[in-house]
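# What the coordinates show
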Amino acid sequence: AAARAAARLAAERALAGRGSEGQPQLPHDEFVLEGAVSEKFDVRPASVTDEAYRATHLRRIEEATKKTRVMGDVKGPQRTVPLPKARNITQRLDGKEDVKEKAERLEKPLLEDRLMGLFDRQSLWSFKQLAAETRQPAVWLKEVLTELAVLNRRGPNTGMYALKEEYRRRGA
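Predicted model, so just to flag it, every value in this text is computed and none were measured.

We now examine the overall build of the protein chain. The number of helices and strands found in the protein chain is six helices and three strands. Listing every helix and strand of the protein chain by position from the N terminus yields α-α-α-α-β-α-α-β-β. Across the 172 residues in the protein chain, those meeting the buried criterion constitute 12%. Of all intrachain contacts in the protein chain linking residues separated by at least 6 positions in sequence, the fraction that spans at least 24 positions is 48%. For the protein chain, the exposed surface amounts to about 15,900 Å²; the carbon and sulfur share of it is 52%.

According to the stated counting rule, one finds one aromatic pair in the structure shown. Geometrically, the ring pair formed by F127 and Y161 is tilted, given 6.4 Å between the ring centres and 50° between the ring planes. One end of the pair, F127, is in helix 5 (residues 127–134); the other, Y161, is in strand 3 (residues 160–163), with 34 residues separating them in the sequence. Given the relative accessible area of 6%, Y161 is considered buried. One residue, R105, lies across the ring of W140, its end atom 3.7 Å from the ring centre. A cation sits over an aromatic face here: K142 above F127, 4.8 Å from the ring centre.

Turning to the nonpolar core, a few remarks are in order. With 14 residues, the main nonpolar core has L115, F119, L130 and L145 as its most contacted residues. The dominant element in this core, judged by the number of residues it contributes, is helix 6 (residues 138–148), at five residues. Beyond its immediate chain neighbours, meaning those up to four positions away, F119 contacts W125, L130, L145, A149, Y161, A162 and L163.

Moving on: the sheet that holds strand 3. Hydrogen bonding along the main chain pairs the strands of a sheet, whether they run parallel or antiparallel. Sheet architecture is open: three strands sit in the order 1-3-2, paired in antiparallel fashion. In the strand order of this sheet, the two ends are held by strand 1 (124–126) and strand 2 (149–151), each with one partner. Pairwise comparison of adjacent strand axes, ignoring direction, gives a mean angle of 35° for this sheet. One ladder, built from three bridges, connects strand 2 with strand 3; its direction is antiparallel. Bridging across to strand 3, A149 finds its partner in L163. Set on the sheet, helix 4 (residues 108–121) makes contact with strand 1, strand 2 and strand 3; between it and strand 3 the angle comes to about 100°. In this fold helix 5 packs onto strand 1 and strand 3, with an angle of close to 85° to the strand it touches most, strand 1.

Definitions and limits used
Residues numbered from 1 in each chain as written. Predicted model: local features only at pLDDT ≥ 70, side-chain atom pairs only at ≥ 80, totals over all residues. Heavy atoms only, no water. Helix = DSSP H or I, 4+ residues; strand = E, 2+ residues; numbered from the N terminus. Buried < 20%, exposed > 50% of the residue type's maximum accessible area, 1.4 Å probe, protein only. Contact = heavy atoms within 4.5 Å. Areas by Shrake-Rupley, 256 points an atom, 1.4 Å probe, with all protein chains shown as cover. Phe/Tyr/Trp six-rings, centres within 6.5 Å; stacked < 30°, edge-to-face > 60°. Lys NZ or Arg CZ within 6 Å of the ring centre and 35° of its normal. Core = buried A, V, L, I, M, F, W, Y, C linked by side-chain atoms within 4.5 Å. Pairing = 2+ DSSP bridges. Axes fitted to C-alpha atoms, helices over the stretch in contact; angles between N-to-C directions.

Here it is in structure tokens:
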């Protein structure tokens, strides 16, 4: 089947290049072969010690392992420029610079009261939500949270803080 396809392709090439007399105009190194494949043959070297085959085999291996890409030295001075950082690329429309407000640390009793109010509103909170609501430094918030709440590590509420039993209201 592969031989038929190759023969058909060669014939189509030949027909596309016909001259004025209707005869195929082929380059002298191409020819058209038509026929059907009746037998399949596998070709093996006659002997393992055949020098001609060995030379051909070694040449093929050398060509396959030859490196096609070569690294070379760049001549002349080179200037390396660091990639821009995201904060250098973005600019505000009003021209002012973004100044990140440093979270001001609340006193422990005030932060505990604020957290209790949040847990009254909602029973489960993620750390990100609590940090956004309280606007406290993460380390300080986590320190106070470990005293007031329990982090759920398994189940459907994984990663959520719930108020400890001793702090929950009796009526709720």
